[in-house]
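Remarks on the overall topology
The primary structure of each chain is shown beneath.
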Amino acid sequence: MLPFVSRARATARSLLVLTPLALAATAFAQSASSSASASSSAPAPSSSAPSSSAPSSAPASTPASALALSAGSGPASRLDEVTVTGSRSPMRLGDIAAELTVITRDTIERQGFGNVAALLRNVAGLQMTNNGGPGNTTSVFVRGAETRHTVVLIDGVRIDGQSTGGARWENLPVSLIDRVEVLKGPASALYGSDAIGGVVQIFTRQGSGRPQLGLGIGGGNLGQIKADVSLLGGNADFDYAGSLAVDRGTGFNAYGLTTSKNFNPDKDGWRNYNGSLRLGARLAEGQRLELLGLKSRSDVGYDAGKNADDRGITESIAAKLSLKSIWSEVLSTQLSVGQSEENYETRPSAPYLTRTRIRSASLLGFYRINAEHQLNGVLERREDRLVNVDLVAGGAGTRSQNAVGLSYLGTLGALSLQAHGRHDDDSEFGGIDTGSLAAGYRLGGGWRVTASTGNAFRAPTLFHRGSVYGPDTSKGFPELRPERGHNREAGLAWAQGDLDFAITTFRNRVSDLIAFGAAGSCRSTTGCYTNVARAMLKGTSLKGGATLGAVKFSATADFLDPTDANTGRQLQRRAKRFGTLRAETTLRTWTLGANLVGSGERFDDAANKTRLGGYGLLNLDAQLAFAKDWRLQLNVDNAFNRQYQTANFFNQAGRTWFVMLRYAPTL
């Protein structure tokens, strides 16, 4: 990794942009601090003694000692849960002005999800499509944005493909996950490129306490067999967590177009293997070193010819080394270096190989002015490399991005403010500035109103710009420009005891969208990538929960208007109406759950001529704790055996069942 010594001119420009924000925020905070100190009711700054567990409640300016989150005592309520994705520093969920959803380990284990995409199916504002069964190409649309417009992080390590863009959701297993945070809305002012639709951050499990062993084995129809093993534990000086898992099945015939030359009536099975290791050590008082490594490999059948067992093989690798330092009760830093790889290969009928490597280095700083105000800063470098036979420059391409960012987090009584600014300088297209401003106000009686505005961008992938399908600049055609998003949203939320409700309405205008169109501006005769598309993503998202007697209910409803701004047509593979309803209860040693998923119709093509019908699904889950440390889990998906498609000609699984036996003793 190269240090931040190059591109001084870009850094100077970024400082000119961000310094006024920093000075204004500091002056404002100091003024507020002076006023607060004159009041006898002003809270005193909390102690920031180093700790490896998250506090049960954190103010907007949580001290840096909360950086190292672990499975400590649970929060007093859901709104007291500490999250980090909304600001890149610990904050109470109830203080975040953006729309953020947290999925916990309990939910993951109870509902028995197979991969991250399935895990997200109950999150308000998200839709997904799948080209067949488990392991096949999956797209996730956050508020209707393209799948490449969502940043995917695993413990802060970015997972992305530089071919068509975006993470391969189907290759992200759940066995290693402790929790998932889903931030909806533009977030480039925090995370740089890609965050036009939102951010999905996956946090792996961290060990604590006595060693705990986890063993699981199960099976179901479609020839599915799954097994996993994990071991985690630790103390104040050292902690560890490791896992290994395998998931395989014979599957079903995923492709249904019998007249196609690629049709093969064989079953398209899958094999997935993954492992992870996370280590943490306290080097000295206030100094914590963490190491993360994980790898996932999937081998999935698909149809590319009549007489071959064609396979799509995806390999995802991530590694990170970080040092979290608490220098005083008001100042802390986090220094990280990381690397991810995402490789995709098909064989034998249509051999294809693409390899993406992303290296990154970052320095995060957290300065707590007082108990109500905090400044965060970031210096970041990212280096991308793509190997693909269609690239013009010898089958390989590289680029780098340097970034500097500044954030202000503040709480003034019932009002909370979050302001973020960032400058990214790209080695290919130059600099770009992003910013966001969000506010929340507590009205009393459990009510809270929020509003935010911000912009975001997605840099063209190395494949978009450097392949035979990218602009031929030697003939005078301009380079591709970054895709840009400008978002405004407002929300209203209410929570009282076991009842909660939230509604968010948003309007995200996306310009310079990269689309594959007619030939002429590139070296290919089949078509070219150009900045010709525009999209308007408008919608309203609702979610709520209630406990009635022994039954806990939760529901989501999305009313989306995803429009191609050039044609006025509905964006392909996105439904205008989508919703979920879940009910769960505990009966002695049983935990029972039922989940309804409903989707309106969608179109498979940009011309809106190929209609995909709406559908409704019922998924059931049950757990039985029949002995100490033993648990039996049962899942039935698509209980009514509905036939439906989210991508034309690609079949979805009918009724599936799965039984899992788990043993989790403390050693």
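The coordinates are above.
First, a word on scope: everything that follows refers to the structure included in this document. (Residues numbered from 1 in each chain as written. Predicted model: local features only at pLDDT ≥ 70, side-chain atom pairs only at ≥ 80, totals over all residues. Heavy atoms only, no water.)

Here the focus is the state of the cysteines. For the structure on display, the rule yields 1 disulfide. Across the disulfide, Cys522 is cross-linked to Cys528 (sulfur-sulfur distance 2.0 Å). Disulfide Cys522 to Cys528: torsion about the S-S bond roughly -80°, handedness left-handed. Assigned by exposure class, Cys522 and Cys528 land together as buried. (Disulfide = S-S within 2.5 Å. Buried < 20%, exposed > 50% of the residue type's maximum accessible area, 1.4 Å probe, protein only.)

Counting buried positions over the 5 residues of strand S5 (residues 138-142) gives 5, a clear majority of the element. Residue alternation in S5 divides its side chains into two sets, Thr138, Val140 and Val142 and Ser139 and Phe141, and both sets are buried. (Helix = DSSP H or I, 4+ residues; strand = E, 2+ residues; numbered from the N terminus.)

Time to look at the environment of Thr150. Following the sequence through the fold, Thr150 ends up in strand S6 (residues 150-154). Along the primary structure Thr150 and Asp194 are separated by 44 residues, whereas in three dimensions their C-alpha atoms are 5.9 Å apart. In this structure, Thr150 is in contact with Val142, Trp169, Asp194, Gly198, Val199 and Val200, ignoring residues within four places of it in sequence. (Contact = heavy atoms within 4.5 Å.)

Read from one edge to the other, the open sheet built from 5 strands follows the order S3-S8-S9-S6-S7, with strand pairing classed as mixed. Only two strands of the sheet have a single partner each, and these edge strands are strand S3 (99-104) and strand S7 (157-158). Bridging between S3 and strand S8 (residues 177-184) involves 6 bridges; their strand directions are antiparallel. Bridging from a neighbouring strand, Leu100 pairs with Leu183 of S8. (Pairing = 2+ DSSP bridges.)

If you look at the biggest cluster of nonpolar residues, it comprises 28 residues, and the most contacted ones within it are Val116, Leu120, Trp169, Ile177 and Val180. Elements supplying a minimum of two residues to this core: helix H3 (116-119), strand S4 (126-130), S5, S6, S8, strand S9 (198-204) and strand S14 (287-301). Ignoring any residue separated from it by four or fewer positions in sequence, one finds Leu120 in contact with Ile103, Leu126, Met128, Val140, Trp169, Val180, Val182 and Val200. Judged by nonpolar contacts, the second largest core, of 14 residues, contains Leu93, Leu190, Ala195 and Leu409. (Core = buried A, V, L, I, M, F, W, Y, C linked by side-chain atoms within 4.5 Å.)

Attention shifts here to a nonpolar patch on the surface. There is a patch of nonpolar side chains on the surface, built from Ile217, Phe626, Trp630, Leu632, Leu634, Trp657, Val659 and Leu661 and spanning about 680 Å² of accessible area. Residue assignment for the nonpolar patch shows that the elements contributing at least two residues are strand S32 (630-637) and strand S33 (656-663). Note on Phe626: relative accessible area 44%, which makes it partly exposed. (Patch = residues over 30% accessible without salt bridge, like charges linked within 9 Å, V, L, I, M, F, W, Y side chains within 5 Å. Areas by Shrake-Rupley, 256 points an atom, 1.4 Å probe, with all protein chains shown as cover. Salt bridge = Lys/Arg side-chain N within 4 Å of Asp/Glu carboxyl O.)

For the rest of this paragraph, the subject is the packing of aromatic side chains. Applying the stated rule across the entire model yields 12 aromatic pairs. The interplanar angle of 50° and the centroid separation of 5.3 Å between the aromatic rings of Tyr255 and Phe650 together place this pair among those described as tilted. Here Phe650 lies in the loop between S32 and S33 and Tyr255 lies in the loop between strand S12 (238-252) and strand S13 (268-284), a separation of 395 residues in the sequence. The class of Tyr255 is buried, set by a relative accessible area of 15%. Taking the centre distance of 6.0 Å and the plane angle of 40° together, the rings of Phe463 and Tyr469 count as tilted. (Phe/Tyr/Trp six-rings, centres within 6.5 Å; stacked < 30°, edge-to-face > 60°.)

From the geometry alone we can't say anything about function, so treat these as descriptive.
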